[in-house]
Amino acid sequence: MAGWKSLKDMTVLSKPLPRLDGPDKVAGQAKYTHDMHPKGLLYAGLLVSPHPAARVVKIDASKVRRLPGVKAVLTDVHPTGTVRYAGEEIAAVAATSPEVLEDALELFEVEYETLPFVADIDSAMQENAPRVFANRPNIRDPRVRGEGDVDAGFARADAVVEGEYRTQVQTHSTLETHGSMVYWEGDELVIYDSTQAVHGVREGVAKFLDMPVNKVRVVCKHMGAGFGSKLQPGRYTAIAARLAKETGAPVKLMLTRKQDFLGGGNRPNSISHVKLAATKDGKLTAFYAKTYGTAGIGTNAGIRLPFIYTIPNWKHEHYDVFTNAGPARAFRAPGCPQASFVMEQLMDELAEKLNMDPLEFRLKNDSNATRQKEWRLGAKKFGWQRRHKKPGADTGRYKRGMGLAASIWWPGGRGTKATMTIYPDGTLDVKCGTQDIGTGTRTYMAMVAAEELDIPMKRIRPMLGDSNFPKSGASGGSTTTPSVGPAIKNTSERAKTKLMDLAAQFLGVPATDLAWDSGTVYMKTNPVKKLTWDELCQLLGTETLEVHGQWVEGLSSRGVAGCQFAEVTVDTWTGQIQVNKIVAVADCGLILNRLTTESQVNGAILQGISYALLEERHMDPETGTMVNANYGDYKILGAKETPAIEVIFYDEPERGVIGIGEPPTIPTNAAIANAVYNATGVRMYELPMTPDRVLTALEAHQFAGKED
Amino acid sequence: MVNFEYFEATSLEGLPQLLGADRNENVVMAGGTDLLDLLKERLIRPRRVVNIKKIKELHGIKNGRGLDIGALTVLADIAKNEKIRKTYTVLAQATGAVANAQLRNMGTLGGNLCQRPRCWYFRGKEYVCLKKDGSKCFAAEGINKYHAIFGGGPCFIVHPSDSAPALRALGASLEIYGPNGRRVMPIEEFFQLPEDNLLFENRLAANEIITRIRVPEPAPGTRSIYLKFREKQSMDFAISSVAAVLQVQGDRVRKADIVLGGVAPIPWRARAAEAELLGKALTEAVIEKAAAAAVADADPLDHNKYKVLLTRNLVKDALLRLRSA
């Protein structure tokens, strides 16, 4: 198989092309799961527990069933009858309208035996705290990792810094909530799902409902974001399927915004007790971390320490802590934004102690060759040399500062299959059972085929988001593009080979005598003897040409580096942080579409700023419920929090395709935190850096509201 | 929302009778921006919603001696009105600081004064708090970072309106229409603390509506400002805000009206700060003293101590800006 063309030979790929489904989305023509309204649709909803811990003694649904418009009721949707977080589903209804549904949900009479609970990590870790799971302590056995001799490493260090850092629980807050619209066609189940994994949901639901996989079809043409929270099949899908079976009607079950906040996933918090040491010439010698995190009733609240730096001696003990809260789910670069907040601030503290520039200190301890170049490139573009040498140097109310932080990511491409169907009129379909979670998959599928076949994009119909299409993996871990891109290229190459064979037959020459250029096949020795793309396709007569291809080695790779620089202004009278500018250096191998790739980086940075400055799940200690489970009180950044963003791609096309969805969200919070320190001389040890925390920290430092 | 009967009123006549004495039965819809929320969350379950937008006389701004603003005038129209910007700056700035452009185009001045608090315990159906005739305030011991630092207890809501502090600082009065016709109430008396009435934030009766808002013409030498601090700058309610109206003659402050928003269950007059300013020149020292006085009797909760410092700084900022105005 041939590799990718060189950048300079590309006519479509790596150009900044607008996404093909953009106009449909803007005009409201793109139909999301939420928009599905087939004839006879029933609206389903969940009754969820208001209690963080309770045994469901009795569910009386008799009033619900008597309400006109209620078509089906399920009271056995909870597997055990013991709920462990407020928001866990215990019953479901299908009704003829959303209004009837709302009325119906109020008519359930549920008897609960409430149980003691722990709403947050601090109370869960207290001695004699109520247990989330009766037979297990709240603090799980640690996972211990490390290398070298930590004690010796600290012993030979010249400078040591230590501290406690905290990050918050962040919810995914996807614009489209989790949910499905399902219907039965005989014994076959069709599911429209807002999902990051059409094949995964198919397999999961089939298993859950004990059905043959080939009787389940999952469709997701457009979806309103997942960020990792929609990688698995939802209990709601199986519930909708049961309701649809019982009623014989299509059923749509979308979580409410509030239910989505409570049970739709989150990024675990973290509490890190950390210690980092270096010699006076700036080489790291040792790192120790004891960390805690809660994934609610779930696990995997880990934090990826010691992050990106090369440390000969390190040890990390991590403890998951159970709390009565909704389970965490993978969230854009799991465990990494937390790690960058901790490690990059520690690095700055240590650099200061060593009287070293933070950038210089990093260059001494970062063994990644790409990032070495990126640090320098970014610093130059950003103007790192303008940075205050002394923190808090600006006099007056507003203080400017600069900070930096690194990013990293691992996974690459993996098995993906695709099919191309070429029609006699010269049009073609490219089908792949992947999904476009907003990243522009559909668009680059067409771009890859157009580049390989040298034909106009408009001839190509990219098709995805259907489990009837050839299998591709879940869109998680930034794996989609390095999986799908090569698969489409491979399929296009095979199509080309088949068409060349067809041309050879027609021209009566061996295929090896033919060449392909600009969608035209011609004889190498006699170029006037040729077939244009249209003529070539006409050779198919009344047939279509069906070609299968797949992901192959050599067109993608794994592992990216990256770094970001932030400039902020801190208003010392109000504690408000304004991010003025972010410069991001990102590498992701061969860029398939420069515009949507830049959008990915922009989006990741915005989500990073939002995490740094605003987003936080607040759990009421007394009731164990989330008080801000709505878009008003759960604050997500808007236009005024959006800084100037400069994205610099560090092109490495020779590495093939690599994903970029996750890494650029990792360093943003830490670059901002370091910039806040540089601006004020006050370090923020807790996220989000909301005005209350900043002002309190500044006051402790005694210059809040004073001009010095 | 729960099903209700929808009624469009076209004149004031008969409206009080239509609204009746029970505010749970019948509710008034002006801009509807807060009402829709309350209905959707099922925090209210009225039998009838009465839309008053078709009542013509409630619309529009009259300019004469002083200001006379129809209660249904949308906030955007007030914010961009040239005369208001020039002479009643604090009001233009306050109405311009409400929410976002869409909501300012829908929301009315009367509605902005009568909107319900944003306390997340009040807004969460599952918390049967004092304002919902329950037996406790969840915020007192709960997560109260946004709650009251003045005038709280037994309930610790803050008044969310931006226009209310401005109008109070301007000495506005409200024309109210009820079963006995029109009456006028100084805005100074309109709002009430939880200790006086837990369930409602103002003294409007169930069968009354605000018809007009009147603002006296400021004395010569008057200057004013509204500063609002939002946690999320793109769109947020005030964590703290200050409406300051000063009349300065020569270099002396003759009259000072300083009203704080977002920090108390009602727009909160900072009397001690006003007293610090009267008769004095606006020196930096005087401003510092006034700002400190503004928060001297603050009584913060566990999570909102920062609001004391923030409010002090906002008052200082406002006065400094007025000094150089």
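Remember, predicted model here, so these are calculated numbers, not experimental data.

The helix and strand tally for chain B stands at 14 helices and twelve strands. Its C-alpha atoms give chain B a radius of gyration of 19 Å, near enough to 20 Å, the size a compact globule of 325 residues would have. Projecting the C-alpha coordinates of chain B onto the three principal axes gives extents of approximately 60 × 50 × 35 Å. Here chain B holds 325 residues, and 53% of them are scored as buried. Counting contacts in chain B only where the partners sit at least 6 residues apart, residues at least 24 apart contribute 64% of the total.

Residue and element names in this part refer to chain A. Ordered by their spatial adjacency, three strands build an open sheet running S22-S23-S24, and the pairing between neighbours is antiparallel. What marks the edges here is a single partner per strand, and that holds for strand S22 (514–517) and strand S24 (530–531). In this structure, S22 lies alongside strand S23 (residues 520–523), joined through four bridges in antiparallel fashion. Residue pairing in the sheet places Ala515 in a bridge with Tyr522 of S23. Sitting on the sheet, helix H13 (residues 480–507) touches S22, S23 and S24, and the angle it makes with S22 is about 130 degrees.

Sheets are built from strands paired through backbone hydrogen bonds, the pairs being either parallel or antiparallel. Residue and element names in this part refer to chain B. Strand order in this open sheet of four strands is S9-S10-S11-S12, and the pairing throughout is antiparallel. For this open sheet the edge positions go to strand S9 (222–229) and strand S12 (268–269), each flanked by a neighbour on one side alone. One ladder, built from eight bridges, connects S9 with strand S10 (residues 240–249); its direction is antiparallel. Bridging across to S10, Phe229 finds its partner in Ser240.

On to the domain arrangement of chain A. Residues and elements named next belong to chain A. We note that the domain assignment places domain 1 (7–24 + 412–550), domain 2 (33–116 + 175–263) and domain 3 (366–410 + 559–618 + 628–708) within chain A. Computed from C-alpha atoms alone, the centre-to-centre distance between domain 1 and domain 2 is 39 Å. Across the contact, 14 residues belong to domain 1 and 18 residues belong to domain 2. Of the residues assigned to the side of domain 1 that touches domain 2, the class counts are two nonpolar, nine polar and three charged.

With that settled, consider the domain arrangement of chain B. Residues and elements named next belong to chain B. The assigned domain composition of chain B is domain 1 (57–114 + 158–215) and domain 2 (222–323). A C-alpha centroid distance of 20 Å is found between domain 1 and domain 2. Counting from both sides, the interface comprises 24 residues of domain 1 and, opposite them, 23 residues of domain 2. No other element matches the five residues that helix H10 (residues 163–169) contributes to the side of domain 1 that touches domain 2. Across the side of domain 1 that touches domain 2, the residue classes break down as 14 nonpolar, seven polar and three charged.

Residue and element names in this part refer to chain A. Among the secondary structure elements, Ala612 is positioned in helix H15 (residues 594–613). For Ala612, a count of 29 C-beta atoms within 10 Å translates into the label buried. Placed 386 residues apart in sequence, Ala612 and Gly226 show a C-alpha to C-alpha distance of 20 Å. Residue contacts for Ala612: discarding those within four places in its chain leaves Thr668, Asn669, Ile672, Ala673, Leu687, Pro688 and Met689.

Before going further, it helps to spend a moment on unusual backbone geometry. Among all residues except glycine, the phi angle is most often negative; among peptide bonds, the trans geometry is most common. All names here are of chain A. Between Leu305 and the following residue, Pro306, the backbone shows a cis peptide bond with an omega angle of 5 degrees. Within the secondary structure, Pro306 is located in the loop between strand S16 (284–293) and strand S17 (313–320). Phi angles above zero are rare outside glycine, and Ser173 is one such case at about 50 degrees. With respect to the helices, strands and loops of the structure, Ser173 is situated in the loop between strand S9 (170–171) and strand S10 (179–185).

What follows concerns the environment of Val342 of chain A. Structurally, the position occupied by Val342 of chain A is in helix H9 (residues 336–353). In this structure, the C-alpha to C-alpha distance between Val342 of chain A and Phe133 of chain A, residues 209 residues apart in sequence, is 30 Å.

What follows is about the pairing of strand S5 (residues 89–95) of chain A. Residue and element names in this part refer to chain A. In terms of burial, S5 is a largely internal element, seven of the seven residues being buried. As paired elements, strand S1 (residues 42–48) and S5 share six bridges and run antiparallel to each other. Across the sheet, Val48 pairs through a bridge with Glu89, a residue of S5. Bridge count between strand S3 (residues 70–74) and S5: four bridges; the pairing is antiparallel. Among the inter-strand pairings, Ala72 is bridged to a residue of S5, identified as Ala94.

Judged by nonpolar contacts, the single largest core of 314 residues is most densely connected at Leu243, Ile672 and Val676 of chain A together with Val90, Ala244 and Val315 of chain B. Discounting residues that sit within four places of it in the chain, Val90 of chain B has contacts with Ala166, Ala169, Leu170, Ser224, Ile225, Tyr226, Ala243 and Val245 of chain B.

About the thresholds
- Throughout, a residue's number is its position along its own chain's written sequence, starting from 1.
- Both sets of labels track the order of writing: A upward for chains, 1 upward for ligands.
- Only residues with pLDDT of at least 70 are given local features in this predicted model, and only at 80 or more are side-chain atom pairs given and counted; all residues enter the totals for whole chains, interfaces and linings.
- Strands are runs of DSSP state E lasting at least 2 residues, helices are runs of H or I lasting at least 4, and numbering of each runs from the N terminus.
- When we talk radius of gyration, it's over C-alpha atoms, and the globule rule is simply 2.2 Å times the number of residues to the 0.38.
- Between the buried cut of 20 or more and the exposed cut of 12 or fewer other C-beta atoms within 10 Å of a residue's own C-beta lies the partly exposed class, and all C-beta atoms are placed from the backbone.
- Contact between two residues is assigned when their C-beta atoms, built from the backbone, lie within 7 Å.
- A strand pair is defined by DSSP finding two or more bridges across the two strands.
- Axes here refer to lines fitted to C-alpha atoms; in helices the fit is confined to the stretch in contact. Angles between the N-to-C directions go from 0 to 180 degrees.
- For the purposes of this description, domain bounds are those given by an automatic or database domain assignment.
- The nonpolar class holds Ala, Val, Leu, Ile, Met, Phe, Trp, Tyr, Cys and Pro. Asp, Glu, Lys and Arg form the charged class, and all remaining residues, Gly among them, are polar.
- Each nonpolar core comprises buried Ala, Val, Leu, Ile, Met, Phe, Trp, Tyr and Cys residues, the members being joined through C-beta atoms within 7 Å.

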